[in-house]
Amino acid sequence: MRGGAPRTLAEELRVRDDRRLAALLRARPDLLAPVPGDLTQLATRAGTRASVVRALERLDRFALQVAEALAVAPDPASYEDLSRLMAGEGGDPGVERALPAALGTLREQALVWGGDERLRLVRTARELLTPSPQHPSPTGLGPAVAEATAGMSPQRLQEILQALGLASTHDPVSAVAALAGLFADRERMGRLLDEAPAEALAVLDRLVWGPPYGEVTASPAPPVRWLRDRGLLLPTSARTVVLPREAALHLRGGRAHRVVEPLPPAVEPVREHRPQVVDSTAAGQAHTALATVEELLKEWDQGGPAVLRAGGLSVRDLRRTAASLDVPEPVGAFWLELLYGAGLIASDGEADERYAPTPACDEWRELPAARRWAELAVVWLAGTRTPGLVGSQDAKGRTLAALGPDLDRSAAPEVRRRVLELLGALPEGAAPDAGAVLARLRWERPLRGAEPRGGREGAVDLRARLAGWAMEEAELLGVTGRGALSSHGRALTGTDAGTTADARAGTGPDAAVALLAPLLPEPVDHVLLQADLTAVAPGPLRRPLADTLAVLADVESKGGATVYRFTPGSVRRALDAGRTAAELHAFLAEHARTPVPQPLAYLIDDVARKHGHVRVGAASSYVRCDDDALLGEILADRRSGPLGLRRLAPTVLASQADPAALLEGLRSMGYAPAAESAEGDVLVTRADAYRTPPRTAPAPVPEGPPLPDDTLLGAAVHAIRAGDRAATAPRKAEPAAPPVQPGGLPRTSPADTLATVQAAALTSAAVWIGYVNADGAASQRVIAPIRVEGGFVTAYDHTADEVRTYPLHRITGVAELAEDL
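Looking at the overall build of the chain
- Looking only at helices and strands, the chain has 34 helices and 27 strands in total.
- Taken against the 2.2 N^0.38 rule, which gives 28 Å for 821 residues, the C-alpha radius of gyration of the chain at 39 Å runs more than 25% over that of a compact globule.
- Reported as C-alpha extents along the three principal axes, the dimensions of the chain are approximately 125 × 90 × 60 Å.
- Considering the chain as a whole, with its 821 residues, one finds that 47% of them fall into the buried category.
- For the chain, long-range pairs separated by at least 24 residues make up 65% of all intrachain contacts whose partners lie at least 6 apart in sequence.
- Approximately 39300 Å² of the chain is accessible, and the part contributed by carbon and sulfur atoms is 53%.
- Taken as two groups, the 91 positive and 104 negative side-chain charges of the chain have centres that lie 3 Å from each other.

Quick look at the structure:
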């Protein structure tokens, strides 16, 4: 382009400065994979279908409506044409104020190019957005007159012109132009509609805002026949007619859309709470979340459920896990997926594969409570695993399982963060209506989120579902409280309502930890023992105390205060873990704020007195006891029949059952046997935790290429500029050489190539070369040869802005430049 308007998108990109080129690459990072060789390649890539679809999906509703209007406008269109399509004949101040910014967005993203007098939508975008029977446009408009009459006979065209009182012509092109001109002329079109029967106008009213197609019979009614004879309804098939675009725009007052939305829906607070109440509620829920997670890890400490052959957790195991946590199944799936995403649980990879905690969970447990919460919250924010999909069906009708495949949705992190940003934009303590948040998200990305569902449910708005799940999960995790974003939630996500407290605390996980830690209850080191064989923990217990008490007693109820119950079975469990009665008495005396009740002391002593009196070993298995009367009592007990016991000696019984089954059978009969080693010592059956081998947490599935940083953008712009200079640099004509096609590589013989680069090295001149690297990738380069020797040319490469060495046999050809760079 020299001294005129750009004729192509590449020419339009060529006149942009580096800042605008970097803005394009930042908005459309897929254009950088790989870095284009020059601006022509960049323009070509920006017009590919996949890239255009991705760019359209990231437009807000108004920018998309502007693109849709350009798709039904003449090509090229003027700014006045576009403004009329958006604001109508009467104008709309709100639309007219917002239009320049929306058009600027389309230009910035290389979806529209050209000046205000010749606006052009990129060809691929026009093909995607132009109305067609297979892909109706949201505008509700049909094809233009020229498109609708493409297959119509000249005789039929003349009949329409005659019915309209227009001059007949034997040229179909001029006939179509006359018909389109009539429909676009407001005065003549108004007179024509004034003559129309009322029933015909009613037919037009039904079609004007779409869909523009209608079915007709072989003998249509008089109103339809009147419209068809005058071209207001044009046939698309033997039984279908369509309202042409020009006629519809007249009936609409020139508007392309029935409802234009230049401004995003407002997200207003509907409930106001004191910030302290919100923070306290969120902190309480964060404490509950940590307790739930730790309970789940403890539940699976000896190994979790089996892994399905197709991957994931069975419905029965999910139901059992949710019941143990006392939560609904969808909430149980959320906690499972959160731990899986954090790398705290995984499959063990054994032949009989099952889930279990990973070694990382032991390190996580040792962290302070606020830090543990922050690590889970960070994983939740960035994770692409979507537990809300558990139980639904994929496109092939298969049920999606918790911890299974196909649960990643790359849009989830962006939606979660955007939901929290909208909450963070409200005053502290303010909670919005969930419907308003969803409406705002639909306006910001109207094309995003549709995915097929199994069965007959059709497409669903995944983005709206992700937003709903994000609000529920944020409340479960304690990021929000009572629907409002907490102070530690603001710090975690970097949102700021402008308060000085936020400014002092900063943002990020560390700031969230600092804000949350004072709100969480401090772990206590004592319990309150009661005479009914229960103990009350008035708060979260410190880890050594909690671990020991979990072995010595059973949890009876949870809440602000946890109630533990002591039973013979729980005391025996503590003795089996290697504790002695004296140690248990000392433990309770140390950690109880009340005296140890006499019934509890008697219970411990009674179970300890019987514990180990009867011993079980492997013969298949045997029972040994110094009290032969007790062995006789066991033999006489009818319940011992399944154990296959028989007396080997006055103090020994043999069993057909294995030692573990024998131990369980005798305990069910009311005895307290202890396992015995081959040396005759009592075996201490400690509850050793089962862990998987070290596992890496699953990485989130990225949504397209990563966003480039400023350094990469600067280097990419520099490389594209240099490549474009090399591709567009004027070259001397070589009569003997074959002509080089635009974008092609120069071709010369090896002798000519060697002679030219040697001459350039002597004169310090720049030359243009074609080069094929070791991977077979071809490129054009402008180099200034420094020396030529040993089959290599060392030169300053203007394209890469550095000195490089090129093998001569990889240079396809060389041409001199008309002038140096």
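Notes on the side chain of Asp 38
- In this structure, Asp 38 sits in the loop between helix H2 (18-27) and helix H3 (39-46).
- One buried charge, Asp 38, has no salt-bridge partner; the nearest side chain with opposite charge is Arg 14, at 5.9 Å.
- Within polar-contact distance, the side chain of Asp 38 engages the backbone nitrogen of Thr 40 at 3.0 Å.
- Aside from chain neighbours lying at most four places away, what touches Asp 38 is Ile 720, Gly 723, Asp 724 and Ala 727.

Brief notes about the confidence of the model for the chain
- Predicted confidence across the chain gives a mean pLDDT of 86, with 91% of residues reaching 70 or more.
- The low-confidence segment residues 451-459, where pLDDT is below 50, has 16 contacts with residues more than four positions distant or belonging to other chains.
- Across residues 733-740, confidence stays below pLDDT 50; counting only partners more than four residues off in sequence or on other chains, it has four contacts.

Here we look at the side chain of Ser 487
- Looking at the secondary structure, you find Ser 487 in helix H24 (residues 487-493).
- Beyond its immediate chain neighbours, meaning those up to four positions away, Ser 487 contacts Asp 279 and Leu 515.

What about the sheet that holds strand E15 (residues 534-537)?
- Taken together, the four strands give an open sheet; going across it, the order is E14-E15-E17-E16, and neighbouring strands pair in antiparallel fashion. This sheet does not close on itself; its edge strands, each paired only once, are strand E14 (528-530) and strand E16 (554-557). Recorded for the sheet is a direction-independent mean angle of 30° between the axes of neighbouring strands.

Re the pattern of salt bridges
- For the structure shown, the criterion picks out 40 salt bridges.
- Linking Arg 107 and Asp 116 is a salt bridge whose minimum nitrogen-to-oxygen distance equals 2.9 Å.
- With a relative accessible area of 39%, Asp 116 lands in the partly exposed category.
- As a salt-bridge pair, Glu 421 and Arg 418 come within 3.1 Å of each other at their nearest N and O atoms. Remark: Arg 418 and Glu 421 occur in helix H21 (residues 412-424); sequence separation between them is three residues, near one turn of the helix.
- For Arg 418, a relative accessible area of 22% translates into the label partly exposed.
- Bridged by salt links that share partners, the residues Arg 58, Glu 414, Arg 445 and Arg 463 form one connected network.

Quick look at unusual backbone geometry
- Of the consecutive residues Asp 75 and Pro 76, the connecting peptide bond is found in the cis state with omega at 0°.
- Residue position: Pro 76 is located in the loop between helix H5 (61-72) and helix H6 (79-87).
- Positive phi is not limited to glycine here, since Leu 403 has a value of about 65°.
- Tracing the backbone through its elements, the reader meets Leu 403 in the loop between helix H20 (369-382) and H21.
- Phi is positive for Leu 533, which is not a glycine, with a value near 65°.
- Its location among the elements puts Leu 533 in the loop between E14 and E15.
- The class for Leu 533 is partly exposed, based on a relative accessible area of 23%.

Side note on helix H32 (residues 659-668)
- Restricting attention to buried positions, one finds in H32 the residues Leu 662, Leu 663, Gly 665 and Leu 666. All buried residues of H32 project into a common sector of 165° when viewed along the axis, lining one side. Residues of H32 that are exposed and point more than 90 degrees away from the buried face comprise Ala 660, Glu 664 and Ser 668.
- Of the residues flanking the start of H32, the one acting as N-cap is Asp 658, its side-chain oxygen 3.1 Å from the backbone nitrogen of Ala 660.

A closer look at helix H16 (residues 275-299)
- The end-to-end C-alpha distance of H16, which contains 25 residues, comes to 36 Å, matching closely the 36 Å that a straight helix rising 1.5 Å per residue would cover.
- Among the residues of H16, those classed as buried are Val 278, Asp 279, Ala 282, Ala 283, Ala 286, Ala 289, Leu 290, Thr 292, Val 293, Leu 296 and Leu 297.

Some thoughts on the pairing of strand E20 (residues 646-649)
- The pairing of E20 with strand E21 (residues 652-655) spans three bridges and is antiparallel. Along E21, the bridge assignment pairs Arg 646 with Ala 654.
- Between E20 and E21, which pair antiparallel and follow one another directly, the connecting turn spans two residues.

Section: the packing of aromatic side chains
- If you walk through the whole model with that rule in mind, you get three aromatic pairs.
- Between the aromatic rings of Phe 334 and Trp 335, the centroid separation amounts to 4.9 Å while the plane-to-plane angle is 55°, which identifies the pairing as tilted. Neither residue differs from the other here; Phe 334 and Trp 335 are each classed as buried.
- Between Tyr 771 and Tyr 806 the ring centres are 4.9 Å apart and the planes differ by 75°, which places this aromatic pair in the edge-to-face class. Of the two residues, Tyr 771 is situated in strand E23 (residues 767-772) and Tyr 806 in strand E26 (residues 802-807); the sequence distance between them amounts to 35 residues.
- Residue Tyr 771 is classed as buried on the basis of its relative accessible area, which comes to 11%.
- Here Tyr 806 falls in the buried class, since its relative accessible area comes to 3%.
- Here the guanidinium or amino end of Arg 354 rests over the ring plane of Tyr 690, the centre of that ring lying 4.3 Å away.
- Above the plane of the ring of Trp 364 lies Arg 372, whose end atom (NZ or CZ) is 5.6 Å from the centre.

The rules we used
- Residues numbered from 1 in each chain as written.
- Predicted model: local features only at pLDDT ≥ 70, side-chain atom pairs only at ≥ 80, totals over all residues.
- Heavy atoms only, no water.
- Helix = DSSP H or I, 4+ residues; strand = E, 2+ residues; numbered from the N terminus.
- Rg over C-alpha atoms; globule rule 2.2 N^0.38 Å.
- Buried < 20%, exposed > 50% of the residue type's maximum accessible area, 1.4 Å probe, protein only.
- Contact = heavy atoms within 4.5 Å.
- Areas by Shrake-Rupley, 256 points an atom, 1.4 Å probe, with all protein chains shown as cover.
- Lys, Arg positive; Asp, Glu negative; His and termini not counted.
- Charge placed at Lys NZ, Arg CZ, Asp CG, Glu CD.
- Salt bridge = Lys/Arg side-chain N within 4 Å of Asp/Glu carboxyl O.
- Polar contact = N/O pair within 3.5 Å; in protein donor to acceptor, adjacent residues only side chain to side chain.
- pLDDT = per-residue confidence, 0-100.
- Pairing = 2+ DSSP bridges.
- Axes fitted to C-alpha atoms, helices over the stretch in contact; angles between N-to-C directions.
- Arc of directions from axis to C-beta.
- Expected span 1.5 Å × (residues − 1).
- Phe/Tyr/Trp six-rings, centres within 6.5 Å; stacked < 30°, edge-to-face > 60°.
- Lys NZ or Arg CZ within 6 Å of the ring centre and 35° of its normal.

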